Amino acid sequence: MNKSLFLSLGCISILALGCQQKADIPKQPNIVFIMTDDHSIQTLSAYDSRYIQTPNLDRIAKEGVIFQNSFVANSICAPSRAVMLTGKHSHKNGQINNRVTFDGSQQTFPKLLRAAGYQTALIGKWHLKSNPTGFDYWNILPGQGQYYNPDFIEMGEQKRFEGYATTLTTDFAINWLDQQRDKTKPFCLLVHHKAPHRTWMPDTADLDLYADKTFTIPDNFYDDYEGRTAAKEQHMSIHTGDMDLAYDLKMVDDDITTARPGLGLGKTARNMLKRMNDKQRAAWNKHYNPIIQDFKDRNPKGKELSEWKFQRYMRDYLSCVKSVDDNVGRLLDYLDNQQLSENTIIVYTSDQGFYMGEHGWFDKRFMYEESLRTPLLMKLPKGYTKKGAITQLVQNIDYAPTFLDLAGVDIPGDIQGESLKPLLFKDPVDSWRNSIYYHYYEYPGGHMVKRHYGIRTDRYKLIHFYNDIDQWEFYDLEEDPTEMNNLINSTKHQNIITTLKEQLHKLQIKYDDLDKTIY
Ligand code: SGN
Ligand code: CA
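Draft legend 1. Geometry of the coordination of the calcium ion (ligand 2). Only D37 (OD), D38 (OD), D351 (OD), D351 (OD) and Q352 (OE1) from the protein reach the calcium ion (ligand 2) as donors, at distances of 2.1 to 2.7 Å. Angles of 51 to 166° at the metal separate the six donor atoms of the calcium ion (ligand 2), which places the site in the irregular class. In the primary structure, the donors to the calcium ion (ligand 2) are separated according to the pattern D-D-x312-D-Q. Separated by 314 residues along the polypeptide, D38 in the loop between β1 (30-36) and α2 (55-63) and Q352 in the loop between β9 (344-350) and α11 (369-372) bring together distant segments of the chain. You can call D38 buried: its relative accessible area is 0%. For Q352, a relative accessible area of 0% corresponds to the buried category.

What follows is the structure in structure tokens.
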């Protein structure tokens, strides 16, 4: 056989194998899209096991895939949700910050799936102000929602439910799957948790879980922000009153004045506690009262206070994550027991990452790694052959086109993300994006993180802070993974900085985001 015939026969048989693999995949797989709010990569053990074990979330990664380079487009809640629903950057879907109201008349993936015969449902946090559109069924928390005995708005009707938000959201999701849906249709179910969002109120069952654990303080907990003005001028510090003793850390006691009494946070904290029933409140007091007493006795100051706050923050936050993990386990078990897993893609992500004391912070917003990255795990339906780590750069603009592609729906031309479907087979993918684009807008506003946009490649990051500042930052993530050295003026790096500026400009053309004056 001549060489070229041999090669082409080889290619045909590889192609045939590819086609056969792809022929085995479900035509309209079900979609279960689980999202949490503010869950950091650092606290999901499939990514990082320093702080907590999350066996149920890890199960998704173990049985499926884990995206090692998963990023958001704008690291804050409502914008992230709008990005995911539309597959477009914030300036295109209009949800540039948490303050504006989502235009629910625009194209979203649930609407397109519904038109293609899917049954669509949304349960849990929504946060987009306008009522959900494109869902056959919705049952959402109003605004940020409450952890204890929360109200839910079910198809326009608001009711209060006894229980803990993460558990209730999961109960409602399982109930919809089991009792409410039309079992003759494929479904797309969004299960969107409030947890582990501020103010990190654990379930009473989990209060003592980390009581005796001391967590290692990040190396850059005492960052001096040298060479990084925006980082210096934020209001999201553990060291200051930004993290409040009463409101955030539950030291609700008449002897403890909150760090920023003017904000009335002590009062807000008391109101949150007032939602509890007697049994919940008794368990709460049993846990926190001795901590409050100890705090008053020791009266820590300076570094001792900062480190005390860090430990308290970690304990409460991780307890909220533990409840997420348990509840995701319940949902996975239900899908397995009902033999739904084979035909279903299960996605786990967060609306963005979060700081666990890195740079001395909590919260998100910055284009630095901890808040730019977000967990992304998927358990795949049968026929999708990829297993383990996926290293390509992916972003939350990609979710909408991925869901549409999996469901065999044409991806509209105005969607800016890319379908991740080609990455879900074990065959190598020849070409993929080599950079992602980011743009954050909520300034001035809570936590005072200045407006910025930027580009990240697999190795470098370039950020421009603008508005009431005009400063560039450049990081070599291989040399400086915690982004402490802004090398924007480094002679050695000027060539790569120029190249990145050109690439950034190209991305702004590609995504049509050159005009910064519109917002
Ligand atoms: C609230 C929080 C902030 C948080 C924003 C945005 N304060 O305003 O700490 O940054 O939400 O979070 S709180 O007092 O209400 O807890 S987001 O995830 O919804 O974007
Ligand atoms: Ca969030």
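Draft legend 2. Region of interest: the domain arrangement of the chain. Split by domain assignment, the chain resolves into domain 1 (27-200 + 315-437) and domain 2 (444-518). A C-alpha centroid distance of 27 Å is found between domain 1 and domain 2. Buried surface at the junction of domain 1 and domain 2, both sides included, amounts to about 2,300 Å², of which 54% is carbon and sulfur. Counting across the domain 1 and domain 2 interface gives three salt bridges. Across the pair E369 and R456 runs a salt bridge whose closest N-O atoms are separated by 2.7 Å.

Draft legend 3. The sheet that holds β1, seen in detail. Here we have ten strands laid out as an open sheet, ordered β7-β6-β5-β4-β8-β1-β9-β10-β2-β11, and mixed in their pairing. Looking along the sheet, the strands with just one partner apiece sit at the ends: β7 (157-160) and β11 (388-390). Neighbour-to-neighbour, the strand axes of this sheet turn through a mean angle of 15°, independent of strand direction. Pairing of β1 with β9, which is carried by seven bridges, proceeds in the parallel orientation.

Draft legend 4. A look at the packing of helix α9 (residues 278-298) against helix α10 (residues 302-337). The geometry of α9 relative to α10 is characterised by a closest axis approach of 12 Å and an angle of 175° between their N-to-C directions. Between α9 and α10, the crossing angle belongs to the class labelled roughly antiparallel. In this structure, α9 contributes H287, Y288, I291, F295 and R298 to the contact, and α10 contributes E304, L305, W308, R312 and D316. Taken together, the residues of the contact of α9 with α10 sort by class into five nonpolar, one polar and four charged.

Draft legend 5. Seen up close, the site of ligand 1. Around ligand 1, the surrounding shell holds 17 residues, and the nearest of these are Y247, D363, K364, R365 and H447. Between H197 and ligand 1, the recorded distance is 3.0 Å, taken from a side-chain N or O atom to an oxygen atom. Within the side chain of Y247, one N or O atom sits 2.4 Å away from an oxygen atom of ligand 1. For ligand 1, the protein covers 81% of the area, taking 450 Å² as the surface of the free molecule.

Draft legend 6. Structural detail: the pattern of salt bridges. Throughout the structure, instances matching the rule amount to 34 salt bridges. Its salt-bridge partner being K159, residue E154 comes within 3.8 Å of it at the nearest N-O pair. Overall, E154 belongs to the partly exposed group, its relative accessible area being 25%. Given a relative accessible area of 35%, K159 falls into the partly exposed group. What emerges from the salt-bridge pattern is a single network uniting D38, D363, K364, R365 and E442.

Draft legend 7. Geometry of the layout of surface pockets. Estimates place the volume of the second largest pocket at around 400 Å³. Along the walls of the second largest pocket sit 17 residues, with Q42, D48, R50, E358 and E370 positioned nearest its centre. In terms of residue class, the lining of the second largest pocket is built from six nonpolar, four polar and seven charged.

Conventions we followed
Residues numbered from 1 in each chain as written. Chains lettered and ligands numbered in written order. Predicted model: local features only at pLDDT ≥ 70, side-chain atom pairs only at ≥ 80, totals over all residues. Heavy atoms only, no water. Donors = N, O, S within 2.8 Å, 3.2 Å for Na, K, Ca; no water. Tetrahedral: all angles 85-135°; square planar, octahedral: opposite > 155°, others 65-115°. Helix = DSSP H or I, 4+ residues; strand = E, 2+ residues; numbered from the N terminus. Buried < 20%, exposed > 50% of the residue type's maximum accessible area, 1.4 Å probe, protein only. Domains from an automatic or database assignment. Buried area = accessible area lost by both parts, 1.4 Å probe. Salt bridge = Lys/Arg side-chain N within 4 Å of Asp/Glu carboxyl O. Pairing = 2+ DSSP bridges. Axes fitted to C-alpha atoms, helices over the stretch in contact; angles between N-to-C directions. Parallel < 35°, antiparallel > 145°, perpendicular 65-115°, else oblique. Contact = heavy atoms within 4.5 Å. Nonpolar A, V, L, I, M, F, W, Y, C, P; charged D, E, K, R; others polar. Near = heavy atom within 4 Å. Polar contact = N/O pair within 3.5 Å; in protein donor to acceptor, adjacent residues only side chain to side chain. Areas by Shrake-Rupley, 256 points an atom, 1.4 Å probe, with all protein chains shown as cover. 1 Å grid on protein atoms, 1.4 Å probe; cavity = no way out; pocket = protein on both sides within 12 Å on 5 of 7 lines; lining within 4 Å. Points joined across faces, edges and corners; volume = space filled by probe spheres on them.

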